[in-house]
Amino acid sequence: MSAYSLFLLGYDTHEISLRLGISEAKVLKRITIARDVANNTHTEFEGRLL
């Protein structure tokens, strides 16, 4: 599962970092990017979404 999926299921960033084996900072970055893409606000992905 992705960090964002686990976050939506109610896991906190510490639990997600343990499950995925990555740092909490990376978890936060992945959640932020996924949320922004879902909201179509992340400039890097603008124009690429259908």
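Just above sits the structure.
This structure is a prediction, so every number in the text was calculated from the model and none was measured.

Colleague: Explain the nonpolar core here, please?
Modeller: Buried together is how nonpolar side chains tend to be arranged in soluble globular proteins. In this structure, Ala3, Leu6, Ile16, Ile22, Val27 and Ile31 together form the largest nonpolar core, which totals six residues. Those elements giving two or more residues to this core turn out to be α1 (3-8) and α3 (24-38).

Colleague: How do you make sense of the pattern of salt bridges when you look at a structure like this?
Modeller: Where charged atoms from two side chains of opposite charge come close, those side chains can pair. For the structure on display, the rule yields one salt bridge. Here Arg35 and Asp36 are joined by a salt bridge, their closest N and O atoms 3.3 Å apart. Classification of Arg35 by relative accessible area gives partly exposed; the value is 39%.

Colleague: Is there a simple way to explain the packing of helix α2 (residues 13-20) against α3 in this structure?
Modeller: Helix packing geometry: the angle between the two helix axes and the distance between the axes. The contact between α2 and α3 brings their axes to 9 Å, and the two run at 105 degrees. In terms of their interaxial angle, α2 and α3 are classed as roughly perpendicular. Taking contact as the criterion, the partners of Thr13, His14, Ile16, Ser17 and Leu20 in α2 are, on α3, Glu24, Val27, Leu28, Arg30 and Ile31. Tallied by class, the residues present in the contact of α2 with α3 amount to five nonpolar, three polar and two charged.

Colleague: Mind showing me how you'd approach the side chain of Asp36 here?
Modeller: By the element assignment, Asp36 lies in helix α3. Among the polar contacts listed, one links the side chain of Asp36 to the side chain of Arg35, at a separation of 3.3 Å.

Colleague: I tried to follow the environment of Arg19 on my own but got confused; where do I start?
Modeller: Here Arg19 is to be found in helix α2. Taking the relative accessible area as the measure of exposure, Arg19 reaches 54% and is therefore exposed. Setting aside residues up to four positions removed in sequence, Arg19 forms contacts with Leu6 and Tyr11. Polar contacts involving the side chain of Arg19 include one to the side chain of Tyr11, which spans 3.1 Å.

Cut-offs and rules
Residues numbered from 1 in each chain as written. Predicted model: local features only at pLDDT ≥ 70, side-chain atom pairs only at ≥ 80, totals over all residues. Heavy atoms only, no water. Core = buried A, V, L, I, M, F, W, Y, C linked by side-chain atoms within 4.5 Å. Buried < 20%, exposed > 50% of the residue type's maximum accessible area, 1.4 Å probe, protein only. Helix = DSSP H or I, 4+ residues; strand = E, 2+ residues; numbered from the N terminus. Salt bridge = Lys/Arg side-chain N within 4 Å of Asp/Glu carboxyl O. Axes fitted to C-alpha atoms, helices over the stretch in contact; angles between N-to-C directions. Parallel < 35°, antiparallel > 145°, perpendicular 65-115°, else oblique. Contact = heavy atoms within 4.5 Å. Nonpolar A, V, L, I, M, F, W, Y, C, P; charged D, E, K, R; others polar. Polar contact = N/O pair within 3.5 Å; in protein donor to acceptor, adjacent residues only side chain to side chain.

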